[in-house]
Amino acid sequence: MAIYELRTYNVIVGKMSEVVSHYKNEGWPALAKHPQKLVGYFTGDVGAINELIHVWKFDDDADRRAFWAGVYGDADFMAFAAKIRPLIAQQQNKLMLSAPWGPQP
């Protein structure tokens, strides 16, 4: 059964443009080298203007752990992470399973 990971990063007020720049120039190029597990990136709009949200889809927990181990073992990604971490006030991760009815992403 697929596992979905919802990651929400609360960006320090006034730092979103810097975060976006780092993701566009370094973060995404580093992540794109790894298996494509990303469902999508989103930025908050009304009421959540300082949020960066990503949704990932994995085959199972072993797939999820292997993916993140590969990413965290990547020197390019870790260089990006060192730049972005000081711009993040809080991070929340949630693991979710699809409901057994309705559309399946």
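Residues numbered from 1 in each chain as written. Predicted model: local features only at pLDDT ≥ 70, side-chain atom pairs only at ≥ 80, totals over all residues. Heavy atoms only, no water.

*Asks:* Describe in detail the nonpolar core, supporting the description with residues and values.
*Replies:* Among the nonpolar cores identified, the biggest contains 19 residues, and V19, Y23 and F77 are the most heavily contacted of them. If you list the elements that add at least two residues to this core, you get strand 1 (3-11), helix 1 (16-31), strand 3 (51-58), helix 2 (61-72) and helix 3 (75-84). Tallying contributions element by element places helix 1 first for this core, with five residues. Excluding anything up to four places from it in sequence, F77 contacts A30, L31, V71 and Y72. (Core = buried A, V, L, I, M, F, W, Y, C linked by side-chain atoms within 4.5 Å. Buried < 20%, exposed > 50% of the residue type's maximum accessible area, 1.4 Å probe, protein only. Helix = DSSP H or I, 4+ residues; strand = E, 2+ residues; numbered from the N terminus. Contact = heavy atoms within 4.5 Å.)

*Asks:* Can you break down the pattern of salt bridges residue by residue, with the values?
*Replies:* Applying the stated criterion across every chain yields a total of ten salt bridges. Between K33 and D76 there is a salt bridge; the shortest N-O distance is 2.8 Å. Of this pair, K33 sits in the loop between helix 1 and strand 2 (38-43) while D76 sits in helix 3, placing them 43 residues apart in sequence. Owing to a relative accessible area of 49%, D76 belongs among the partly exposed residues under this scheme. The closest approach of N and O atoms between K37 and D59, which form a salt bridge, is 4.0 Å. In this pair, K37 is assigned in the loop between helix 1 and strand 2 and D59 in the loop between strand 3 and helix 2, connecting sequence segments 22 residues apart. Residue K37 is classed as buried on the basis of its relative accessible area, which comes to 16%. A relative accessible area of 53% means that D59 is categorised as exposed. Because the salt bridges share partners, they merge into one network encompassing E5, R7, D61, R64 and R65. (Salt bridge = Lys/Arg side-chain N within 4 Å of Asp/Glu carboxyl O.)

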